Amino acid sequence: MAKKITLPEKPAIYDYTLEELQQWMKDNGEPAFRAGQLFDWLYVKRVRSFEEMSNLPKSLRDKLVSQFGFVTLTEITKFESKDGTVKFLFNLHDNHAIETVVMRHNYGNSICVTTQVGCRVGCTFCASTLGGLKRDLTAGEIVAQVVWAQQLLDATNERISSIVIMGIGEPFENYDATMNFLRIMIHEKGLNIGQRHITVSTSGIVPNIYRFADENTQINLAISIHAPNDALRSKLMPVNRRFPFNDVMESLRYYIAKTGRRITFEYALIGGVNDRPEHAEELAQVLQGMLCHVNLIPVNHVPERNYVRTPRDDIFEFQRILERNKINATIRREQGHDIAAACGQLRAKHMESTAR
């Protein structure tokens with residue numbers, strides 16, 4: 001389990017949904033509508049202090065200052081790729097480091113957020129698991145990543161149009177904080193990100209796939225599958241020993257039946273390991289009849305791992321086999337390759353240098 005969070009002196013205002021702030025206002029003798037004004041200052045005007053909230057009475061501002069703080073993200077470093085991708089390494093109040101990536105596309109700007117400091121899932125091809133899991137993030141620490149990125153884009157009159165919860169950590173192992181983060185992001189009085197423009201990715205935490213199916217949202221679900229069978233998946237993803245392949249697939253069928261929404265299967269292609277034609281054929285058989293899409297991901301080289309990239313021609317052959325079997329498949333466009341934008345790489349380098 002994640003270690004207990006060392007909390008700052010005051011709770012962060014970003015931790016609270018609008019409904020929770022409305023209740024706080026009532027409990028503190030303030031009219032509930034003040035919560036909407038507060039939300040506007042936080043997510044529309046995006047101020048950095050309570051003192052700037054000029055339409056709130058000074059007495060209320062004083063209460064807010066005394067009881068809440070803003071999430072402290074300190075920028076350790078920032079890299080910008082030739083393709084416009086921006087990767088941040090942030091320091092938290094307890095000196096843990098997290099990553100956030102802003103990606104520019106021709107259809108808008110997306111942000112990839114982190115939900116945990118480190119990860120315990122243990123995928124053998126991923127840098128995020130190096131060093132294990134340190135702790136969960138609070139909802140406010142996830143929110144702060146988006147606010148920071150939006151403040152960056154404000155300078156050029158751009159906005160975050162989509163969110164992917166695919167950064168460091170397993171969001172379904174930090175389920176409650178992740179869901180509160182999502183409620184804040186989609187609220188019409190806040191950043192008002194369309195639900196269908198948000199994707200949450202899980203490695204297959206079965207109980208919370210069922211919970212998510214019952215949430216009645218329009219938010220997209222992606223599943224990191226990376227293998228077509230139980231034995232190979234267990235070698236690549238130790239989490240498969242806790243939640244076996246067949247159980248994961250059954251929970252996903254429940255999700256599709258309950259929501260009517262398509263699932264994205266993320267499949268990292270690793271040279272000579274899971275990228276052979278027979279793997280593609282087996283995967284196609286497993287996914288037959290499911291409302292789904294496969295996103296093929298050429299694996300990034302991580303110095304601490306021994307895997308190699310699948311040759312280009314083999315990637316296209318894998319895709320052709322899936323499509324021949326009527327499984328829709330695309331190859332993920334790589335971004336930020338020149339700035340170590342693969343999940344966890346920048347943090348791993350920072351951890352190494354700090355240890356030295």
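Our subject is the structure listed above.
In this text, all values refer to a predicted model and were calculated from it rather than measured experimentally.

*Asks:* Run through the pairing of strand E3 (residues 97-105), naming residues and quoting values.
*Replies:* For E3, the tally of buried residues reaches 8 of 9 residues, placing the bulk of the element in the interior. As paired strands, strand E2 (residues 86-91) and E3 are joined by 6 bridges and run antiparallel to one another. Paired with Phe 90 across the bridge in E3 is Ile 98. Hairpin connection, E2 to E3: the antiparallel pair is bridged by 5 residues, and Asn 95 has positive phi, about 70°. Note that E3 and strand E4 (residues 108-112) share 5 bridges and pair antiparallel. Of the residues in E4, the one forming a bridge with Arg 104 is Asn 109. Between E3 and E4, which pair antiparallel one after the other, the connecting turn spans 2 residues.

*Asks:* Could you give an account of the layout of surface pockets, with specific residues and numbers?
*Replies:* By volume, the second largest pocket amounts to about 240 Å³. Considering the residues around the second largest pocket, the lining is formed by 14 residues, among which Pro 8, Lys 10, Ala 12, Asp 15 and His 93 are closest to the centre. Considering only residue class, the lining of the second largest pocket consists of 7 nonpolar, 4 polar and 3 charged.

*Asks:* An account of the pairing of strand E9 (residues 220-224) is requested, with residue identities and associated values reported.
*Replies:* Counting buried positions along E9 gives 5 out of 5 residues, so the element sits mostly inside the fold. Across the two faces of E9 the burial is the same, with Asn 220, Ala 222 and Ser 224 and Leu 221 and Ile 223 all buried. The parallel pair strand E8 (residues 198-202) and E9, bridged by helix H6 (residues 206-213), forms a crossover whose chirality is right-handed.

*Asks:* I'd love a proper account of the sheet that holds E3, names of residues and values included.
*Replies:* Read across the open sheet, the 10 strands follow the order E1-E2-E3-E4-E7-E8-E9-E10-E11-E12; overall the sheet is mixed. At either margin of the open sheet sits one strand with a lone partner, and together these are strand E1 (74-80) and strand E12 (329-331). When the angles between neighbouring strand axes are averaged without regard to direction, this sheet yields 20°. Here strand E7 (residues 160-165) runs beside E8; their pairing, made up of 3 bridges, is parallel. Bridge pairing links Ile 165 to Val 200 in E8. Contacting E1, E2, E3, E4 and E7, helix H4 (residues 139-154) crosses the sheet at an angle of about 45° to E3. Those strands touched by helix H5 (residues 175-186) are E7 and E8, and its axis lies near 170° from that of E7.

*Asks:* I'd like a description of the pattern of salt bridges, backed by residues and values.
*Replies:* Per the stated rule, a full pass over the model turns up 19 salt bridges. With a shortest N-O distance of 2.2 Å, Lys 45 and Asp 40 are connected by a salt bridge. We note a salt bridge from Glu 173 to Arg 120, for which the minimum N-O separation is 2.9 Å. Highlighted residues: Glu 173 in the loop between E7 and H5 and Arg 120 in the loop between strand E5 (116-118) and strand E6 (133-136), separated in sequence by 53 residues. Since its relative accessible area comes to 19%, Glu 173 is described here as buried. Accessibility expressed as a relative area gives 35% for Arg 120, which makes it partly exposed. Bridged by salt links that share partners, the residues Asp 94, Arg 135 and Glu 141 form one connected network.

*Asks:* Any details on the packing of helix H10 (residues 277-287) against helix H11 (residues 312-324)? Residues and values, ideally.
*Replies:* Between two packed helices, the angle of one axis relative to the other and the distance separating the axes together describe the packing. Put simply, H10 and H11 touch, their axes get as near as 9 Å, and they point 30° apart. Classified by the interaxial angle, the pair formed by H10 and H11 is roughly parallel. In the packing of H10 onto H11, the handedness of the crossing is right-handed. Of H11, the residues touching H10 (which contributes Pro 277, His 279, Ala 280, Glu 281, Leu 283 and Ala 284) are Phe 318, Ile 321, Leu 322 and Arg 324. In terms of residue class, the contact of H10 with H11 is made up of 7 nonpolar, 1 polar and 2 charged.

*Asks:* Can you tell me about the nonpolar core, naming the residues and giving the values?
*Replies:* Grouped burial of nonpolar side chains is what soluble globular proteins tend to show. Core analysis: the largest hydrophobic core is formed by 100 residues, its most contacted members being Ile 163, Phe 181, Leu 252 and Phe 265. A per-element tally of this core places H4 first, with 7 residues. When residues are assigned to domains, this core turns out to be shared by domain 1 (18-67) and domain 2 (75-355), each giving three or more. When near neighbours in sequence (up to four residues on either side) are disregarded, Phe 265 contacts Ile 223, Ile 225, Met 249, Leu 252, Leu 287, Met 290, Cys 292, His 293, Val 294 and Asn 295.

*Asks:* Provide a residue-level description of the environment of Arg 48, including the pertinent values.
*Replies:* The residue Arg 48 is located in the loop between helix H2 (33-43) and helix H3 (58-67) in this model. The residues touching Arg 48, leaving out its near neighbours within four places in the chain, are Phe 70 and Gln 151. Here the side chain of Arg 48 touches Gln 151 through a polar contact of 3.3 Å, side chain to side chain.

*Asks:* Quick rundown of the packing of helix H1 (residues 18-27) against H2? Include the residues and the values.
*Replies:* Viewed as axis vectors pointing N to C, H1 and H2 meet at an angle of 130°, and their least axial separation amounts to 8 Å. Relative to H2, the element H1 lies oblique. Helix-helix and strand crossings are classified by hand; for H1 and H2 the assignment is right-handed. Residues Leu 18, Leu 21, Gln 22 and Met 25 of H1 pack against Arg 34, Ala 35, Gly 36, Leu 38 and Phe 39 of H2.

*Asks:* Can you explain the environment of Arg 276? Please cite residues and give values.
*Replies:* Mapping Arg 276 onto the fold places it in the loop between strand E10 (263-269) and H10. A residue is classified by how much of its surface remains accessible, and Arg 276, at 27% relative accessible area, is partly exposed. Residues Arg 276 and Ile 315, 39 residues apart in the sequence, show an inter-C-alpha distance of 9.3 Å. Separated by 3.1 Å, the side chains of Arg 276 and Asp 275 make a polar contact.

Basis of the calculations
- Residues numbered from 1 in each chain as written.
- Predicted model: local features only at pLDDT ≥ 70, side-chain atom pairs only at ≥ 80, totals over all residues.
- Heavy atoms only, no water.
- Buried < 20%, exposed > 50% of the residue type's maximum accessible area, 1.4 Å probe, protein only.
- Helix = DSSP H or I, 4+ residues; strand = E, 2+ residues; numbered from the N terminus.
- Pairing = 2+ DSSP bridges.
- 1 Å grid on protein atoms, 1.4 Å probe; cavity = no way out; pocket = protein on both sides within 12 Å on 5 of 7 lines; lining within 4 Å.
- Points joined across faces, edges and corners; volume = space filled by probe spheres on them.
- Nonpolar A, V, L, I, M, F, W, Y, C, P; charged D, E, K, R; others polar.
- Right-handed = clockwise from strand over helix to strand, strands pointing away.
- Axes fitted to C-alpha atoms, helices over the stretch in contact; angles between N-to-C directions.
- Contact = heavy atoms within 4.5 Å.
- Salt bridge = Lys/Arg side-chain N within 4 Å of Asp/Glu carboxyl O.
- Parallel < 35°, antiparallel > 145°, perpendicular 65-115°, else oblique.
- Left-handed = near helix turned anticlockwise from the far one by under 90°.
- Core = buried A, V, L, I, M, F, W, Y, C linked by side-chain atoms within 4.5 Å.
- Domains from an automatic or database assignment.
- Polar contact = N/O pair within 3.5 Å; in protein donor to acceptor, adjacent residues only side chain to side chain.

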